[in-house]
Every structure is written in C-alpha cells, then in structure tokens.
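A look at the structure
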Amino acid sequence: MSLKHEIKEFARSQGADLVAVAPIEVYSDYLAQVRDRLAETSADMRDYMIQPEDMSFFERLSSPREILPDARAIIVLGVYAYDETAVYAKTRNELRGKTARIYAYYPVVRQIAEKLAEFIEKRGYKAIQGQSIPLKYVADRIKLGTYGKNALLLTKQYGSYVALRNVITDLALPPDKLEKFTLPCEDCRVCLKACPTGALYAPYKVNPKLCINPLTRRQNYIPPELRSKMQNWISGCDICQEVCPVNRKLTVRQIDLRAGFDSRHHASHRYLDNIERTPHLTDILSEVYPDVIRRNAAIALANIGKGKRESLAALKRHIVSAPEELRDYYLWAIGALEDF
Ligand code: B12
Ligand code: SF4
Ligand code: SF4
C-alpha cells in the first residue's frame, strides 16, 4: 500500500469524511481576491475577527511555506457537520437560540488533523496541522468541492456542511485530480436573496461587516437596523446554507462517535462550551453568561416575538443588574416586544 493510501485510510479511520492532497503553491490569486474584498467592503481585520490588524494573516494563508519552509504537500480534511442535534425546527416556539451547525465539528476535524500529523511524524516526516491555508480556495482548486454563490465550499456528498482543516507536510505526495462537482448555481440566487442582512452582496462574496456570524461573536456595537435582521442566531448563522438546494437534499448524520468524540457535548464556541447547544433564551440573560451571548439572547427574544409575556418579564428582571453596554440592547428588545 502506498504511503498516500495509508495516510488517507488512517484519516478516514479517525473520522475524516473527506481527505485529499493538494500541491504547495503561493496562492496569489487568492490574495488578490482578499484585497478586492477589502476595497469593495471597506472591511478591516476586526470585521474578519483577525489579529494583527494588517494583511499578514491572509499573506500567511496564501504561502504554505511560511508555516513549513520545506513543505511539499497539503492534506485537506473534511468532516460532515450536519447531525441530528442540528435540526432547529422548533427553536422559535421554544424561545431557543440557534448556533451554527459546524461549531460542534471544528474540534472533531482538529483532533483528526492532530492525529494525522502524529501519524506522519512517526514515519520520519514533518507535519503541521491547522487552518493555515485558504481552505475553500485550495479545496476548490483540487475539486474536493466547488464554490457556491454563498461563498462556501459545496461538496457532492455533504453539501457545504463540512468542517475543513489542513496538514502541511514535507512528505512528497502526488496531488489528487478529482472530478469537478457541478453546482446548480448558474440559474439560482436563493442564498443571495435569503441572506437577511445583504452580507452576500454579490455572488461568491461576503461582506464581513454585515454577516451575522461575526456580528454574533464580536463585542462591537450592533446598530438596531442589523439587530432586527439577526433572527434567533446567537452564535454564527447558517441561513445561506439552510436554503441551498444542494444542502436541502442531505440526510442528517448520526452523532459522531468515531475517534471517541461526542459532538453533543462540544458546541466548541468559546462562550457556549459545556452547555446545551440551544439553551432557553431567557436563561441566557442571566449574568453567568458572557455579555456578548446575553446581548444576542436579548436580540433573539425581540426577533422571535412569541412568548412575549415571558420574554418581557425576563428582560425587565435582568436589566436591573445588566452592565451599561447591555442595557441599550435590553431596552431595545423591550421596546420591540412591546410594539410586537
Ligand atoms: C475569514 C473567514 C470568515 C469571515 C469571512 C467569510 C468569507 N467568505 O470570506 C467570516 C467571519 C464572515 C466567516 C463566516 C463564516 N464562515 Co468562515 N472562515 C474564514 C477563514 C478564516 C478564511 C476565509 C477567507 O479566506 N476569506 C477571504 C475571502 C476573500 O476568500 P473566499 O471567501 O474564499 O473568496 C473567494 C471567492 O469569493 C472566490 N470567487 C470570487 N469570485 C468568484 C467567481 C466564481 C465564479 C467562483 C467560482 C469563485 C469566485 O474567490 C475568492 C478567493 O479565492 C476560513 C478558514 C480558512 N483558513 O480558510 C473560514 C471558513 C471559510 N469559514 C467557514 C464557515 C463554516 C463559516 C460560516 C458558515 C460559519 C457560520 N455558520 O456562521 C460563515 C459563512 C459566511 C459565508 N457565507 O461565507 C468554513 C467553511 C467550510 C465550507 N464548507 O466552506 C471555513 C473553511 C472554516 C473551516 N475550518 O471549515 N468566515
Ligand atoms: S443557494 Fe443556489 S446559488 Fe446559492 S450556493 Fe446553493 S445552488 Fe448556488
Ligand atoms: S452566514 Fe448568514 S449573514 Fe452571513 S452571509 Fe450567510 S446568510 Fe448572510
């Protein structure tokens, strides 16, 4: 069995659903696209939740040899992230928030990448795992999937619900030549129309200043006109994936117990670890939760509108002890619910 074959088999045995080899290159077309995006949206690195506040993050992503100077191949890993805990049918009726489906699987794919790096190192080669390349761009180049107009990588088997990660190695592995998966994007604009904030401002392009994912995760002020568009997302947003016809054909996977990992207990978001993925929103207003999540819970309650009496009572109870920055959101939510 070739070493490449052994590597793929090992990655699959650890839980990888997708594994493919890409070449080492300077991905300069990607960097040009990043520069265009920054110019078109006037976004800065804070909007991307990236530090430091210069281009170095994206420059490093585009040059895998900055991570490993004698790198000779990139292994791209993917794990299917649409499991049975991620079916959100009743959240609004139950006054619950939603978290992006993929978050539970970032630790899964990370664990697989760590084990794969160890496996390669034991054979005498260097291997560094991370999210250290432009993952969608590289995966699209080797046809592991294709860019959808929602700016995500859509794969034939798992749609866009795929958590990606890479291992960069000095082991020479021949790149894969996969068959292109053609998407029904040509005559479709469903994701662009569904994005509630207009963050998908053109096909394949996201404005991070408007995307609900960073809005829910950063501490920055959220203006009222954006708050009312955030629905009940309290961490991330999956709308441009939920509506996509490719994803709508998917069936939910079983909880991932491969590699000894129980995704039910790993929301993985730094604020939501170790709690239920969709807690009761009135409970999240309590001060045991970080301010960002309390803010998002208040916004979600206002946007749900149902259960008005219970929501108003909780907001009025918690506003008394809420810090100054949060009061503005609680007051806004109370006003919105009273007008509902
Ligand atoms: C920065 C970042 C963000 C930013 C910016 C998003 C963006 N689209 O740029 C923010 C914080 C907004 C974000 C949000 C999300 N992210 Co994010 N993010 C990243 C990160 C770190 C880099 C992405 C990047 O390079 N952006 C810069 C832009 C310029 O690159 P790009 O989007 O690839 O742009 C390309 C297209 O526009 C294309 N293009 C332009 N014109 C045309 C025309 C045609 C015809 C075609 C085909 C292509 C094309 O060219 C550009 C460059 O190649 C990666 C991790 C990594 N290391 O790769 C994760 C990553 C992309 N994110 C991911 C996820 C899951 C999300 C969310 C879905 C999370 C959530 N549920 O809330 C949202 C989705 C928003 C969206 N619709 O894209 C996954 C994507 C998995 C997948 N299947 O695609 C990644 C790969 C993380 C991971 N480890 O799995 N993210
Ligand atoms: S919703 Fe339509 S346009 Fe958007 S990614 Fe899916 S197929 Fe493409
Ligand atoms: S994640 Fe939500 S806000 Fe961001 S581009 Fe997709 S639909 Fe729009």
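Everything discussed here concerns the structure shown above.
Residues numbered from 1 in each chain as written. Chains lettered and ligands numbered in written order. Predicted model: local features only at pLDDT ≥ 70, side-chain atom pairs only at ≥ 80, totals over all residues. Heavy atoms only, no water.

1. A closer look at the overall build of the protein chain
- Of regular secondary structure, the protein chain possesses 14 helices and ten strands.
- Referenced to the eigenvectors of the C-alpha coordinate spread, the extents of the protein chain come out at roughly 65 × 45 × 40 Å.
- For the protein chain, buried positions account for 55% of its 340 residues.
- Of all intrachain contacts in the protein chain linking residues separated by at least 6 positions in sequence, the fraction that spans at least 24 positions is 77%.
- By element, 50% of the accessible surface of the protein chain is carried by carbon and sulfur atoms, the whole surface being about 15,800 Å². (Helix = DSSP H or I, 4+ residues; strand = E, 2+ residues; numbered from the N terminus. Buried < 20%, exposed > 50% of the residue type's maximum accessible area, 1.4 Å probe, protein only. Contact = heavy atoms within 4.5 Å. Areas by Shrake-Rupley, 256 points an atom, 1.4 Å probe, with all protein chains shown as cover.)

2. Looking at the site of ligand 2
- If you check the shell around ligand 2, you find Gly148, Lys149, Asn150, Pro184, Cys185, Cys188, Val190, Cys191, Cys244 and Pro245 and nothing else.
- Residue composition of the shell around ligand 2, by class: seven nonpolar, two polar and one charged. (Near = heavy atom within 4 Å. Nonpolar A, V, L, I, M, F, W, Y, C, P; charged D, E, K, R; others polar.)

3. Concerning the sheet that holds strand S7 (residues 162-169)
- Across the sheet, four strands lie side by side as S1-S2-S7-S4; this open sheet has antiparallel pairing. At either margin of the open sheet sits one strand with a lone partner, and together these are strand S1 (18-22) and strand S4 (127-130). With direction set aside, neighbouring strand axes in the sheet form an average angle of 20 degrees.
- Relative to S7, S4 is paired through four bridges, and the arrangement is antiparallel. Bridged to Gly130 within S7 is Asn166.
- Taken strand by strand, helix H1 (residues 3-13) contacts S1 and strand S2 (73-80), and its axis lies near 145 degrees from that of S1. (Pairing = 2+ DSSP bridges. Axes fitted to C-alpha atoms, helices over the stretch in contact; angles between N-to-C directions.)

4. Observations regarding the site of ligand 1
- Around ligand 1 there are 32 residues in total, and Tyr30, Lys136, Tyr137, Tyr147 and Tyr204 lie nearest to it.
- Asn213 is positioned with one of its side-chain polar atoms (N or O) 3.5 Å from an oxygen atom of ligand 1.
- The set of elements that each furnish at least two residues to the shell around ligand 1 consists of helix H2 (28-41), helix H5 (135-141), S7, helix H7 (212-217) and helix H9 (239-242).
- Here the shell around ligand 1 gets four residues from one element, more than from any other, and that element is H2. (Polar contact = N/O pair within 3.5 Å; in protein donor to acceptor, adjacent residues only side chain to side chain.)

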